[in-house]
Each structure stands twice: as C-alpha cells, then as structure tokens.
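So the chains spell out like this:
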Amino acid sequence: MLDKIKQIISEIGSFTATTPAEVEQFRIKHLSKKGTIAALFDDFKNVPADQKKEIGKTLNELKTAALDKVNELKEKLCNSDQGKTGVDLTLPGDLIKLGSRHPLSIVKNEILAIFNKLGFTISEGPEIEDDWHNFSALNFPEEHPARDMQDTFFIEKNPDIVLHTHTSSVQVRDMETHSLPIRLVTPGRVFRNEAISARAHCIFHQIEALYIDENVSFADLKQTLTYFAKELFGPETRIRLRPSYFPFTEPSAEMDVSCSLCHGEGCNVCKGTGWLEILGCGMVDPNVLELNGIDKEKYTGFALGMGIERITMLKYGIKDLRLFFENDIRFLEQFTAAI
C-alpha cells in the first residue's frame, strides 16, 4: 500500500492540465467520495498496527498534494484566461462620448451667475400652489383673466389649488419668511393652459428676481437691468423700457434689448425694429408689500421676470420652442461644446 501511495503522489506531481475540464476530471478521480484517495483511506483500517503511523503520514501527504495541485492548476488557468482578452492593449482606447447640457440649463445657469455677482441668492419653491400664493398675495383681483381656466391648470376648486403660473408665488413665500432686506432670484418651471406651437407651450421656465430694502428706486432697477443685459448679450447691448401693466408692480415696464443679430439695424428676428422684448419688470406694488406683512412706508423694492425659453431662442437663433421638449439628440448635440 505504501508503494501505491508513493506512485500516486508521483503521478499527481507530474500532472498538467490545459482546460478547467481536465482539472475537474483530476479532482473527481482523486478527491471525490469514490476517488482513489477515499479508497485508500477505506483500506487503511486493514493496515497492520506497526505500519499505521508511516502509512497514515504518507496518506495525508497524498491528500495534501492532490488539493495543492488542483488549486495550483485552477489559479494558473484563471490567470491565463485573464491575459487572453482578444484586445490589443497597445491600441488607443475608445473615446467616451460626452453628453451635453440642455440649452435651457446653459442659459439658466448664465443668468443665475449674473445675478449672483449682484448679491442675489437662489430661492426655489413648490410647483403646486394655493390661490393665495399664486394670485391673491400678488394683487390679482378676483375678476382677473389669469384666474380663468383658459390660462391656469386647476387641480382643485374651492379652495383653488393650481400648478403655479409664475415663480412669483415663490417670492410670496420668501416675503412671508425671510427677514429684510430681500435680494433673491427664483428659477423654476411654470404651467399655463395654452396651445402648443412654435412660439408657445403649456410648460415653460422662468427666472424672477426680487429686491426689497429701504430707499430702493426705479434707478436701481434700471441699473440692474443694464448690467444684466450687457453681461448676457455683450457689452454693446442697449436696453429700452416701455410702460406696461402687471398687477404686482407699479409702475411696470417691458424691457427690450438691442438685437444682437442686426445690431439695431433691423432683421427678420426683430421684425425690422432693431429691438427684442425679453422681460417684464417694475417697482413692487405697495399693496403687495402690505398683503405680505411688509411696511410699505419704510420699504420699497423692484421685481423682474423673464422666460428662459425666449432668451435661449434669441441667444442661439432657435425658431421653434417645441425643440426644447422633444429630446431630439440631433438638436441637443449642438450644445456639447457649451458644457
């Protein structure tokens, strides 16, 4: 029996394998319950007592040798497989395709950065609002057409719960909770019940700014707008303010910027006028201050708001607003360089 054990040890030491299947066959032959080593352990009970010590020691060495050989061959084949990738590692790697920021995000971040330089901080709020924050606190009378179903998405009636029609509702919450002075810029998505076309959509994005402090004047508003326009459209940009009406500001104005495409000479984009309308603004109506618990005798302020889609269309020469919402990769890839 001792000679047989030593013969098997010799066979195990010289055994080699080139595939995992050959290793598994070797393991089954020697280490399974019906393998050669198990059979030798069964015969060990018949070994004379004076030989048990020597044969038992050799038998354990056999089992250890078989286990070591199996582990050695498995590790060797594993390392060999890892090296056979089928890829020439000396070739240049494949470039990872970069995505791009959405044009609305690019312009929004530019606008926020400009107001950040002026000391404005970002404020955000809920898209689902009640009547008070969306209308009443902003001096919208009960009969105002913006309350009509044609303009507003109502979620509930009595009390009115709506998808907010402007980010001014966030400014109302700011006036309720922030200590004065207030200098905030509010980006957000807004909703109005309008037909979708190349120039309009039921979903669009706004940025509004609010500044309330002592002795804030229309001159402060004009200077802020001038700085903003030059930073966004270029140092040669001029602005023009035209009288307008908004329930929450008095006096109110629409702001135009000189057309950056024709430099004021007139083109198809500006319809020959040399000017492009981009935002509405005005001094915060004293009634709005009073409705929101601010002393109208001590504080004044200005507010302004703009649609990000309109400014993006002007900035990049985009003619169809629907492109912003269609996720067409051919359209979005144009803005890769703007990351």
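These figures come from a predicted structure and were not determined experimentally. (Residues numbered from 1 in each chain as written. Predicted model: local features only at pLDDT ≥ 70, side-chain atom pairs only at ≥ 80, totals over all residues. Heavy atoms only, no water.)

Quick word on the nonpolar core
Of all hydrophobic cores here, the largest spans 44 residues; its most connected members are I111, F115, F228, I278, L304 and M306. Counting residues per element, the ones that place at least two in this core are α5 (103-117), β6 (203-213), α8 (218-233), β8 (249-258), β9 (275-284), β10 (300-307), α10 (308-316) and α11 (329-332). By residue number, the principal contributor to this core is α5, which donates seven residues. Beyond its immediate stretch of four places on either side in the chain, I111 contacts I207, F228, L232, M306 and I311. Listed in part, the 19 residues of the second largest apolar core include A146, V172, M175 and I212. (Core = buried A, V, L, I, M, F, W, Y, C linked by side-chain atoms within 4.5 Å. Buried < 20%, exposed > 50% of the residue type's maximum accessible area, 1.4 Å probe, protein only. Helix = DSSP H or I, 4+ residues; strand = E, 2+ residues; numbered from the N terminus. Contact = heavy atoms within 4.5 Å.)

Here's the deal with the domain arrangement of the chain
Splitting the chain by domain gives domain 1 (1-78) and domain 2 (103-335). Computed over C-alpha atoms, the centres of domain 1 and domain 2 are 83 Å apart. (Domains from an automatic or database assignment.)

A look at the pattern of salt bridges
All told, the structure shown has 13 salt bridges when counted by the stated rule. As a salt-bridge pair, R173 and E129 come within 2.7 Å of each other at their nearest N and O atoms. Residue R173 is found in helix α7 (residues 168-177), and its partner E129 is found in strand β2 (residues 128-130); the two are separated by 44 residues along the sequence. We classify E129 as buried; its relative accessible area is 1%. D320 is the salt-bridge partner of R322, the closest N and O atoms lying 2.9 Å from each other. Classification of R322 as partly exposed rests on a relative accessible area of 32%. (Salt bridge = Lys/Arg side-chain N within 4 Å of Asp/Glu carboxyl O.)

Brief notes about the pairing of β10
Here β6 pairs with β10 via eight bridges, running antiparallel. From the neighbouring strand, L210 faces β10, where its bridge partner is A303. Sheet topology note: the β9/β10 ladder contains five bridges and is antiparallel. By the bridge assignment for β10, G280 is matched with G305. (Pairing = 2+ DSSP bridges.)

Here's the deal with the environment of S258
Within the secondary structure, S258 is located in strand β8. For the pair S258 and R238, spaced 20 residues apart in sequence, the C-alpha to C-alpha distance is 5.3 Å. Those residues in contact with S258, other than ones at most four positions away along the chain, are E236, T237, R238, G274 and W275.

Digging into the packing of aromatic side chains
Across all of its chains, the model carries eleven aromatic pairs by this definition. Consider the rings of F140 and F248, whose centres lie 6.0 Å apart with planes at 45°: the pair is tilted. With F140 in the loop between α6 (131-134) and β3 (154-156) and F248 in the loop between β7 (239-246) and β8, this pair connects stretches of sequence that are 108 residues apart. Each member of the pair, F140 as well as F248, is classed as buried. Among the aromatic side chains, those forming a connected cluster through ring pairs are F115, F120, Y211, F228 and F302. Its guanidinium or amino end placed over the ring of F154, K157 lies 4.2 Å from that ring's centre, counting from NZ or CZ. Above the ring of F120, the side-chain terminus of R183 is found at 5.9 Å from the ring centroid. (Phe/Tyr/Trp six-rings, centres within 6.5 Å; stacked < 30°, edge-to-face > 60°. Lys NZ or Arg CZ within 6 Å of the ring centre and 35° of its normal.)

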